[in-house]
Amino acid sequence: MDPVLRTYRSGLFAWVFWRSLGRLGTLLLLWGWRWDSTSALGLKNTATRLDADSKLPIMGLMPINKAVESISEGILPAVQLATEHVHNKFLPNTSKLVLEWYDSECDNAKGLKAFFDGIKYGPKHLMIFGGVCPSITSIIAESLKEWNLVQLSFAATTPVLADKKKYPNFFRTVPSDNAVNPAVVKFLKHFHWRRVGTLTQDVQRFSEVRNDLTSELEKADIQIADTESFSNDPCPSVKKLRDNDVRIILGQFDENMAAKVFCCAYNENMYGIKYQWIIPGWYQLNWWKPVASSSCNVKNLLTAMEGYVAVDFEPLSTKEIRTISGLTPQQYEQEYNKMRGSAEYSKFHGFAYDGIWVIATTLQRAMDSLKRLGNPQTIRDFNYVNKDLGQIFLDSMNETNFFGVTGQVVFRNGERMGTIIFSQFQDKIEVKVGEYNAIADSLELINNTLRFQGVEPPKDRTIIQPQLRKISLPLYSILSALTVLGMFMSSAFLFFNIKNRNQKLIKMSSPYMNNLIILGGMLSYASIFLFGLDGSFVVPNTFETLCTVRTWILTVGYTTAFGAMFAKTWRVHAIFKNVKMKKKIIKDQKLLIIVGGMLLIDLCILICWQVVDPLRRTVEDYPLEMPLRTVEKPDPAGRDFAIQPLLEHCENSHMSIWLGIVYAYKGLLMLFGCFLAWETRNVSIPALNDSKYIGMSVYNVGIMCIIGAAVSFLTRDQPNVQFCIVALVIIFCSTITLCLVFVPKLITLRTNPDAATQNRRLQFTQNQKKEDSKTSTSVTSVNQANTSRLEGFQTDNHRLRMKITELDKELEEVTMQLQDTPEKTQYIKQNHIQELNNILNIRNFTDGNDSDKPLMKNQHDSRSQVPWGTTLEPSRTKKDVPEDINSPEHIQRRLSLQLPILHHAYLPSIGGVDASCASPCVSPSASPRHRHVQPSFRVMVSGL
């Protein structure tokens, strides 16, 4: 059997086998079959000479069958015209280009078979011209290196073929689909569009273009706001683009999907002055006419399409420059139309025409290279194993550079550096508005052709104007004025407290503690000024410092004011809850230590807060707000502008933890104050006890703080409202607290300075008489009562002790004041007997006849005394002895009622029994500082 026929049959068998193995099998098949066929043809070391007519055979691959692809109708006239021009004006008479056409039918198997047939049965083809369908073109182009063949395509635009590592011998006169991406980037830069979105159909061709476009946009520093893709329904993707505020949309989809996309755009209102669509420009003429659907008619579609920009390579140059053929592009187009006749038009005809000229110039340069190198071979000596000639053809192809009907023909890494045109859809037609020269990287827009539906190009986004939300100056001024008034009031209270510090009423209320309360209130007032300082008054660094300062001031002020109030209440509680009735003096120095301890806890918390997790200035973004239309806005509709509210906050990483610690400590302090106020509620000495006012202050502060904190949190995004609430809470709490503490003292001191002590003393004396009478009667009958009544008497006894203790404290203060004045002390020592007589003369202690005689003298002169606790019989009293109120029996009865008052109240002031003495049996002389009382005045008093 003929070895050539045997080789061909083996190739057919391999072709059938390839259909089941795929592309990898094809490559192996092509490589192996190539060596087999070369060996069979006897082309290992010798070349077969062409006929004497010196033909230059070129393999042409193109779908010729009209039923499959109609591109050949528009291409063949251009190829025929180019061949004639080449023979007449370029190649010598001894050389003639001959194209051998093979029908690929855009089928991988049939195209591969056509290629094999060309290799097997055809002449030694110097190059391959054609390749339209991406799949078959990529299969053949991948194996060209092993055949030492160079392929030139005029219609394969798929970006896959741009990979020179995989397809090193592939060239094309038509720009790649990726060639429009640099042009699009240049167009975006021209209108200063820095933010875009992409909408891509899920097809490999479009996905590859989108990926390359993404890379180009990143290099140009253009933000891709959103990347959407779809298969059948583009509406969800279009809606997402709208939601992301994408104004410039770069689309990659075919014409069928384009109709759906613009229908969705119409429904989503994504057209008009705010939006710009940029889509492929290779759609068929009037592609939108057959489109109609229930959701979008042709009218709606045209409305949404108005103004879109289409980008595509330029089929023919618009420049009136003579090409390599000697004709201008316009002259060529006229000749082409004449030769085409009624055949279908193809936009690739110019690239096919220039492709023939590329092959001719490449072969000419190859011949010149062989002569220059002194190589005895000619291009006719080429075969599929001659690597030297194959490399010469490849190098000559890369050197191509001439002006053709499609513009300047130059290859860069095998890719055509062509011209990209921009067309705009205006009134149902596409109008050319500009072009991009890839070689010069320049964009030229035709004047007054590009029309936008607004007065200026659309914005690439909603123009966001950052606006720092600030505290209103009038509001800050009003609240500052109220704060100043509060500080003036505090200063007035401080002046009043210092001026009257020696007054009995003020001195007994601990003026030092009052000063601390005023100081705490003033610190709280001062924090309002700091809370109102924001970005409108201070720079960010200063604001961050204020975050810490105002927190410290408010915390310390709160603790100082309420700590002093609670310390005063604790002293009252410690004195009047003394069960053993021991004398207990708590000086102001101890209260200052207590307040200092509270402040020390505050400082420890604040220092740890500042060191571990300090407060920082943070800026929070809030949802965009659309402003009212103003004359200054260039957008007539006023919809391309929005305000981005910004708000400053003082925050840190663990804000909730630190606030929880501070709130917990302050809460415990408030609970402790409430406990003290409740425990001392029955102590009714106004000069000493502020429990009622403390309770009212705690109630007001607690309620206001809870309400203020809640409202402040809810109005976080409204600085004016938040500042107003915080300032009013601080002003109200501080003012109410200071007024409750000082206004009653001010009123009392103005009306009756001694009412706070004297009135209470008289009231206590009268009440004490009644209580003592009841107690004396109860003591008399206690031995006869049931044991169950014992608890009642013990309760009465405890209440009486409390009252005695109150009077003891009051008289102790009076004694200390009197001891400070020597004249008063001497006067009291000289007249103590007279003072005692005056006390006992109250309310009928003497009768009319003996009014000039002191009671104590009658008692001293009386010689017959009845033993203590003895009671005369009623009958004897009425019959035998006339009623004499100065009789020993009456005196003893009166003393048994009045002596507790003398013992615990007045005797210490005249040097008698100590007020803290727990038993009446203790001798008055036990205390060296008390004056000795005459024996006649010493009486025994049963303990209460």
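Scroll up to find the structure this text is about.
Computed from a predicted model, the values in this text were never measured in an experiment.

1. So, empty space enclosed by the protein
With the rule as written, the count across this model stands at 12 cavities of 30 Å³ or more. Taken as a whole, the largest cavity encloses approximately 180 Å³ of empty space. Breaking the lining of the largest cavity down by element, the ones donating at least two residues are helix 7 (180–190), helix 8 (204–219), strand 8 (248–252), strand 9 (276–280) and strand 10 (309–313). When residues in the lining of the largest cavity are grouped by element, the largest group, four residues, is from helix 8. Grouping the amino acids of the lining of the largest cavity by side-chain chemistry returns 12 nonpolar, four polar and three charged.

2. Observations concerning the pairing of strand 1 (residues 55–62)
With respect to burial, strand 1 is a largely interior element, seven of its eight residues being buried. Bridge analysis of strand 1 against strand 2 (residues 96–103) gives eight bridges, and the strand direction is parallel. Bridge assignment links Met62 to a residue of strand 2, and that residue is Asp103. Direction of pairing for strand 1 relative to strand 3 (residues 127–130): parallel, over a ladder of four bridges. Bridging across to strand 3, Ile58 finds its partner in Met127.

3. Quick notes on the pattern of salt bridges
Between side chains of opposite charge, pairing is possible as soon as their charged atoms come close. Per the counting criterion, the structure on display carries 17 salt bridges. A salt bridge links Asp245 to Arg247, with the nearest nitrogen and oxygen atoms 2.9 Å apart. Among the salt bridges present, the one from Glu435 reaches Lys432, with a minimum N-O distance of 3.0 Å. With relative accessibility at 13%, the residue Glu435 sits in the buried group. The class for Lys432 is partly exposed, based on a relative accessible area of 25%. Sharing partners across several salt bridges, the network here consists of Lys239, Arg242, Asp243 and Glu268.

4. Focus on the environment of Leu546
Structurally, Leu546 is set in helix 18 (residues 540–576). In this structure the C-alpha to C-alpha distance between Leu546 and Leu615, which are 69 residues apart in sequence, comes to 9.6 Å.

5. Some points on the packing of helix 3 (residues 71–89) against helix 13 (residues 349–373)
When two helices pack together, their arrangement is given by the angle between the helix axes and by the axis-to-axis distance. Where helix 3 meets helix 13, the closest approach of the two axes is 8 Å, and the angle between their N-to-C directions is 35°. Between helix 3 and helix 13 the crossing geometry is right-handed. Mapping the contact onto sequence places Gly74, Ile75, Ala78, Val79, Leu81, Ala82, Thr83, His85 and Val86 in helix 3 and His349, Ala352, Tyr353, Ile356, Trp357 and Ala360 in helix 13. When its residues are assigned to classes, the contact of helix 3 with helix 13 shows 11 nonpolar, four polar and no charged.

6. Structural notes on unusual backbone geometry
Negative phi values dominate among residues other than glycine, just as trans dominates among peptide bonds. Its identity is not glycine, yet Asn148 carries a phi of approximately 60°, on the positive side. Relative to the assigned elements, Asn148 resides in the loop between helix 6 (144–147) and strand 4 (151–153). Note on Asn148: relative accessible area 8%, which makes it buried. In this model, Asp427 sits at a positive phi of 55°, which is unusual for a non-glycine residue.

7. Overview of the packing of aromatic side chains
Throughout the structure, instances matching the rule amount to 33 aromatic pairs. Aromatic side chains Phe187 and Phe422 sit 4.8 Å apart centroid to centroid with 15° between the ring planes, which places their arrangement in the stacked category. With a gap of 235 residues between them, Phe187 in helix 7 and Phe422 in strand 14 (residues 419–426) connect regions that are remote in the sequence. The pair Phe187 / Phe422 is uniform in exposure class, with both members buried. Relative to Tyr283, the ring of Trp282 lies with its centre 5.2 Å away and its plane at 85°, an arrangement referred to as edge-to-face. You can call Tyr283 buried: its relative accessible area is 9%. A network of ring pairs unites the aromatic residues Phe115, Phe116, Trp147, Phe382, Tyr384 and Phe393 as a single cluster.

8. Details of the state of the cysteines
This structure, assessed with the given rule, holds three disulfides. Between the sulfur atoms of Cys106 and its disulfide partner Cys133 the distance amounts to 1.4 Å. Here the residue Cys106 occupies a position in the loop between strand 2 and helix 4 (108–121), and Cys133 occupies one in the loop between strand 3 and helix 5 (134–142), the gap between them amounting to 27 residues. Taking the relative accessible area as the measure of exposure, Cys106 reaches 27% and is therefore partly exposed. Since its relative accessible area comes to 8%, Cys133 is described here as buried. A disulfide bridge connects Cys235 with Cys264, and the sulfur atoms are separated by 1.9 Å. The S-S bond linking Cys235 to Cys264 shows a torsion near -70°; that makes this disulfide left-handed. Remark: Cys264 occurs in helix 10 (residues 255–267) and Cys235 occurs in helix 9 (residues 235–243); sequence separation between them is 29 residues. According to the relative accessible area criterion, Cys235 is partly exposed, its value standing at 27%. Taking the relative accessible area as the measure of exposure, Cys264 reaches 4% and is therefore buried.

9. Comments concerning the sheet that holds strand 5 (residues 170–172)
Judged by pairing direction, the sheet is parallel, and its five strands sit side by side in the order 2-1-3-4-5 without closing on themselves. Taken across any chain shown, the strands that pair with only one partner, and hence form the sheet edges, are strand 2 and strand 5. Between one strand axis and the next, the sheet turns by 25° as a mean value, whatever way the strands run. Bridge analysis of strand 4 against strand 5 gives three bridges, and the strand direction is parallel. Bridge pairing in strand 5 places Leu152 opposite Phe171. Along the sheet, helix 3 makes contact with strand 1, strand 2 and strand 3, crossing strand 2 at roughly 165°.

10. Regarding the sheet that holds strand 14
Strand order across the open sheet formed by eight strands is 7-6-8-9-10-14-15-16, with mixed pairing between neighbours. Here the strands that pair on one side only, and so sit at the sheet edges, are strand 7 (223–230) and strand 16 (442–445). The mean inter-strand angle of the sheet, taken between neighbouring strand axes irrespective of direction, is 25°. Relative to strand 15 (residues 429–437), strand 14 runs antiparallel, the two sharing eight bridges.

11. Topic: the nonpolar core
Within the largest apolar cluster, 98 residues are counted, with the highest numbers of intra-cluster contacts made by Phe129, Phe154 and Leu188. Here this core gets 12 residues from one element, more than from any other, and that element is helix 13. In this view, Leu188 contacts Trp193, Val196, Leu217, Ile222, Ile248, Leu250 and Ile278; residues no more than four positions away in its chain are not counted. Residues Ile517, Ile605, Val662 and Tyr665 belong to the second largest nonpolar core, which totals 47 residues.

12. Description of the side chain of Glu314
Examined against the element boundaries, Glu314 turns out to sit in the loop between strand 10 and helix 12 (329–340). If near-sequence neighbours (up to four positions away) are discounted, Glu314 is found in contact with Phe351, Thr406, Thr419, Ile420, Ile421, Lys432 and Glu435.

13. Observations concerning the side chain of Thr560
Structurally, the position occupied by Thr560 is in helix 18. Reaching out from Thr560, the side chain makes a polar contact with the backbone oxygen of Val556 at a distance of 2.7 Å. Not counting chain neighbours up to four residues away, the residues in contact with Thr560 comprise Leu516, Gly520 and Leu599.

Conventions adopted
- Residues numbered from 1 in each chain as written.
- Predicted model: local features only at pLDDT ≥ 70, side-chain atom pairs only at ≥ 80, totals over all residues.
- Heavy atoms only, no water.
- 1 Å grid on protein atoms, 1.4 Å probe; cavity = no way out; pocket = protein on both sides within 12 Å on 5 of 7 lines; lining within 4 Å.
- Points joined across faces, edges and corners; volume = space filled by probe spheres on them.
- Helix = DSSP H or I, 4+ residues; strand = E, 2+ residues; numbered from the N terminus.
- Nonpolar A, V, L, I, M, F, W, Y, C, P; charged D, E, K, R; others polar.
- Buried < 20%, exposed > 50% of the residue type's maximum accessible area, 1.4 Å probe, protein only.
- Pairing = 2+ DSSP bridges.
- Salt bridge = Lys/Arg side-chain N within 4 Å of Asp/Glu carboxyl O.
- Axes fitted to C-alpha atoms, helices over the stretch in contact; angles between N-to-C directions.
- Left-handed = near helix turned anticlockwise from the far one by under 90°.
- Contact = heavy atoms within 4.5 Å.
- Phe/Tyr/Trp six-rings, centres within 6.5 Å; stacked < 30°, edge-to-face > 60°.
- Disulfide = S-S within 2.5 Å.
- Core = buried A, V, L, I, M, F, W, Y, C linked by side-chain atoms within 4.5 Å.
- Polar contact = N/O pair within 3.5 Å; in protein donor to acceptor, adjacent residues only side chain to side chain.

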